[in-house]
Number of protein chains: 2
Amino acid sequence: MKFFRTFSWFACVVTLGALLALGTQAFAETDPLPSWNDGPSKQAILTFVKETTTEGSPKFVSPAERIAVFDNDGCLWPENPVPFQVAFALDSLKQMAEQKPELRRDPMVRAALVGDFAKLLEGSHHEGLMHILGLTHAGMTTDEFKARVEDWLITARHPRYGKPYDQLTYEPMQEVLSYLRANGFKTFIVSGGGADFMRVWSERVYGIPPEQVVGSAGRTKYELRANGPVLIKTMDYLFVDDKKGKPVGIHQFIGRRPIACFGNSDGDKAMLEYTTIQNPRPSLGVIIHHTDGEREYAYDAKTKSTGKLVKALEEAAQRGWTVVDMKNDWKVIFPFDK
Amino acid sequence: MKFFRTFSWFACVVTLGALLALGTQAFAETDPLPSWNDGPSKQAILTFVKETTTEGSPKFVSPAERIAVFDNDGCLWPENPVPFQVAFALDSLKQMAEQKPELRRDPMVRAALVGDFAKLLEGSHHEGLMHILGLTHAGMTTDEFKARVEDWLITARHPRYGKPYDQLTYEPMQEVLSYLRANGFKTFIVSGGGADFMRVWSERVYGIPPEQVVGSAGRTKYELRANGPVLIKTMDYLFVDDKKGKPVGIHQFIGRRPIACFGNSDGDKAMLEYTTIQNPRPSLGVIIHHTDGEREYAYDAKTKSTGKLVKALEEAAQRGWTVVDMKNDWKVIFPFDK
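Residues numbered from 1 in each chain as written. Chains lettered and ligands numbered in written order. Predicted model: local features only at pLDDT ≥ 70, side-chain atom pairs only at ≥ 80, totals over all residues. Heavy atoms only, no water.

S.K.: Explain the overall build of chain A residue by residue, including any values.
M.R.: A tally of helices and strands in chain A yields 14 helices and eight strands. Across the 338 residues that make up chain A, the buried fraction comes to 51%. A sequence separation of at least 24 residues applies to 66% of the contacts in chain A between residues at least 6 apart. Carbon together with sulfur atoms contributes 57% to the accessible area of chain A, which is approximately 16,100 Å² in total. Averaging the positions of the 41 positive and the 42 negative side-chain charges in chain A gives two centres separated by 3 Å. (Helix = DSSP H or I, 4+ residues; strand = E, 2+ residues; numbered from the N terminus. Buried < 20%, exposed > 50% of the residue type's maximum accessible area, 1.4 Å probe, protein only. Contact = heavy atoms within 4.5 Å. Areas by Shrake-Rupley, 256 points an atom, 1.4 Å probe, with all protein chains shown as cover. Lys, Arg positive; Asp, Glu negative; His and termini not counted. Charge placed at Lys NZ, Arg CZ, Asp CG, Glu CD.)

Okay, structure coming up:
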């Protein structure tokens, strides 16, 4: 009996040890990007993360400097048939016009309600669109705006996929976000979209907290009311976090140069440059190229206005930016495809 | 021999166990705020942290929402005889005037160089001071500005304490920063000072990374130059992160209401309100009251302009804000006093 007890104790330890060893090995071999097909894009991401996080590697970067920035529309979720925030603005406008029919006297409101985007985009500053954004995104408290966005996410459905918009994130990019964070990177959204719009759901949907969301914004106005302090949304001092505004936003909000940047259009070209050109640290630039007309939308090979190749894609080889071919690099597009 | 080996192994385990137990207990009883005298201020901070971080406590707050904001000048380090950034601006101006003597033709530069602050502060928008800030804080790249601040911190000395300015942080507040972080709080600076100025040293000096520094700032301008991308500092779209601007800055940069706020003047009153009034979560508001003319400066009981009690102090009791009496609550002021 004593021998047996000793033996069983010994066997337990050995078994436990073996299991632990196997577990570690299994863990080490788990693919952090299972929705990505093998190929140069996946390899570029894996190699970069390994090199910058392995102590003693010549490309090692201290955790504090592991800043990764992501565009949102067209990079973490689709931007078709219209950017999702535009869909939100139009739905809001419809709701507002029902409550206040006199709004329909406004020619830009009428244009928006019948989907006449050409009219909204007239003029060098897209005055019509800005007017609609002003109506739907200003003149209310930040809490009221947040409640509207939350309500819209529950009720609205994407016209093609029939799902709530916040279920349409790209599964392969969700994997990249998790993989980077598991390796000590701090992940930020840097998007032309509204900061207040994205922050409502970014933590729940991407695991990115509000304080790591950089976006377009007007300056709010503080008031201490009888029932507590409020911030009123305005369009004043509007900051447009797009194109050359993206490095400006990165400096303003983050205060250091990222070492990894994921974008998908010329709106992201400046932040790709800022991340990768003459950066004293190793860096990674990635462009999500929309090549999959079957599962998603194929639209970004040429710019609408000039018909020429998108500049960011044109310069990608010269700059060393990795171009992700959605059709061939991604096994699935959305989480529900799995 | 065998008995002895067994015994000594047994003794080792027991001793180790006893040491571990003692160590744990010693750790549990270590005072996280050793530079604070016992009293209601210290107790208010300890109680708040315990209540908001103990699972099952009715006041428990999830780690993601544990946002703590700190003013900098007069809260984490002194603001006398002039705010340290003003000292930096004047030293910079002297240096610039040596290199470009024609600058002395400018009447505001002359006023600054002879210390005529009254002239600089004339007018409702302090045009003279803004002009000096423009000369010393704009028209250069962010990297050039950073190098100037770094150089100044090495060479300049505080006129009273004879130390580099970045050695003059308040030891009791450093303890609060560490204590909050050890309890899952994210610590942010929310200061009227320049974001670019503070971010140069905030991580090294306070353990607060640049992306958690909210401050005043003009909008930079992005350029891709032959030797790489740069951001040029301007005074355009200036955001002044002071008074009612502080809740605005908190919303813009952090995107959620803090649950703890430390300030020291009417410049912090709005963010104290925003943190503590009708906050759906438990909250803590603290005012550092400068009562110690011997070891530091006693100056904030009354406002210079009206001679009346500072409003934030006047309202403290009604609002439930904790007032820290530096003279009586703090055992030491600076790290070198220990």
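S.K.: Let's hear about the sheet that holds strand E7 (residues 284–289) of chain B: which residues, and what values?
M.R.: All names here are of chain B. Taken in spatial order, the six strands make up an open sheet running E3-E2-E1-E6-E7-E8, and their pairing is parallel. A strand with exactly one partner marks an edge of an open sheet, and here the two such strands are strand E3 (213–216) and strand E8 (322–325). Pairs of neighbouring strands in the sheet enclose a mean axial angle of 20°, with direction left out of account. Where strand E1 (residues 67–70) lies against strand E6 (residues 260–263), three bridges are found, and the strand directions are parallel. Bridging from a neighbouring strand, Val 69 pairs with Cys 261 of E6. Against the sheet, helix H11 (residues 245–253) makes contact with E1, strand E2 (186–194) and E3, and its axis sits at roughly 130° relative to E2, the strand it touches most. (Pairing = 2+ DSSP bridges. Axes fitted to C-alpha atoms, helices over the stretch in contact; angles between N-to-C directions.)

S.K.: Can you tell me about the packing of aromatic side chains, naming the residues and giving the values?
M.R.: The geometry of an aromatic ring pair is captured by the separation of the ring centres together with the interplanar angle, meaning the angle of the planes. Across all of its chains, the model carries 39 aromatic pairs over all chains by this definition. An angle of 90° between the planes, with centres 6.5 Å apart, marks the rings of Tyr 161 of chain B and Tyr 297 of chain B as edge-to-face. Placement of Tyr 161 of chain B in the loop between helix H7 (142–155) and helix H8 (171–182) and of Tyr 297 of chain B in the loop between E7 and helix H13 (311–319) is noted, with a sequence separation of 136 residues between them. Like Tyr 297 of chain B, Tyr 161 of chain B is buried. Among the aromatic residues, those joined into a ring-pair cluster are Trp 77, Phe 84, Phe 88, Phe 145, Trp 152, Tyr 165, Phe 197, Trp 201 and Tyr 206 of chain A. If you follow Lys 163 of chain A out to its NZ or CZ, it ends over the ring of Phe 336 of chain A, 4.5 Å from the centre. The ring of Tyr 297 of chain B has Arg 160 of chain B lying over it, and the distance from NZ or CZ to the ring centre is 4.9 Å. (Phe/Tyr/Trp six-rings, centres within 6.5 Å; stacked < 30°, edge-to-face > 60°. Lys NZ or Arg CZ within 6 Å of the ring centre and 35° of its normal.)

S.K.: Can you tell me about the confidence of the model for chain A, naming the residues and giving the values?
M.R.: Residues and elements named next belong to chain A. Looking at chain A as a whole, its pLDDT mean stands at 92, while 91% of the residues score no less than 70. Note that pLDDT drops below 50 for residues 23–27; the model gives that stretch zero contacts with residues more than four away or on any other chain. Listed scores for the predicted complex are pTM 0.91 and ipTM 0.90. (pLDDT = per-residue confidence, 0-100.)

S.K.: Explain the relation of the copies chain B and chain A to me, using residue names and the numbers behind them.
M.R.: Note on the identical chains: chain B maps onto chain A by a rotation of 180° and an axial translation of 0.0 Å, with an RMSD of 0.0 Å. Each copy turns onto its partner about a two-fold axis. Interface residue correspondence from chain B to chain A reaches 100%, placing this contact among same-surface, isologous pairings. (Least-squares fit on C-alpha atoms with pLDDT ≥ 70 in both.)

S.K.: Talk me through the packing of helix H3 (residues 84–99) of chain A against helix H7 (residues 142–155) of chain A; I want residue IDs and the actual numbers.
M.R.: All names here are of chain A. At a minimum axis separation of 11 Å, H3 and H7 run at an interaxial angle of 105°. Taken together, the axis directions place H3 and H7 in an arrangement best described as roughly perpendicular. Within the contact between the two elements, H3 uses Phe 84, Ala 87, Phe 88, Asp 91, Ser 92, Gln 95 and Met 96 and H7 uses Phe 145, Arg 148, Val 149, Asp 151 and Trp 152. A breakdown of the residues in the contact of H3 with H7 according to their chemical character gives seven nonpolar, two polar and three charged. (Parallel < 35°, antiparallel > 145°, perpendicular 65-115°, else oblique. Nonpolar A, V, L, I, M, F, W, Y, C, P; charged D, E, K, R; others polar.)

S.K.: Describe in detail the side chain of Thr 169 of chain B, supporting the description with residues and values.
M.R.: Here Thr 169 of chain B shows up in the loop between H7 and H8. Apart from residues lying up to four places away in sequence, Thr 169 of chain B is in contact with Leu 76, Trp 77, Gln 174, Val 205, Tyr 206, Ile 333, Phe 334 and Pro 335 of chain B.

S.K.: Account for unusual backbone geometry, naming residues and giving values.
M.R.: Residue and element names in this part refer to chain A. Residues Asn 80 and Pro 81 are joined by a peptide bond in cis, for which omega reads 0°. Relative to the elements of secondary structure, Pro 81 occurs in the loop between strand E1 (67–70) and H3. A positive phi is found at Tyr 237, a non-glycine position, where the angle reads about 50°. Considering the arrangement of structural elements, one finds Tyr 237 in the loop between strand E5 (228–232) and helix H11 (245–253). Here Tyr 237 falls in the partly exposed class, since its relative accessible area comes to 44%. Even without being glycine, Lys 243 reaches a positive phi, approximately 50°. Mapped onto the fold, Lys 243 is located in the loop between E5 and H11.

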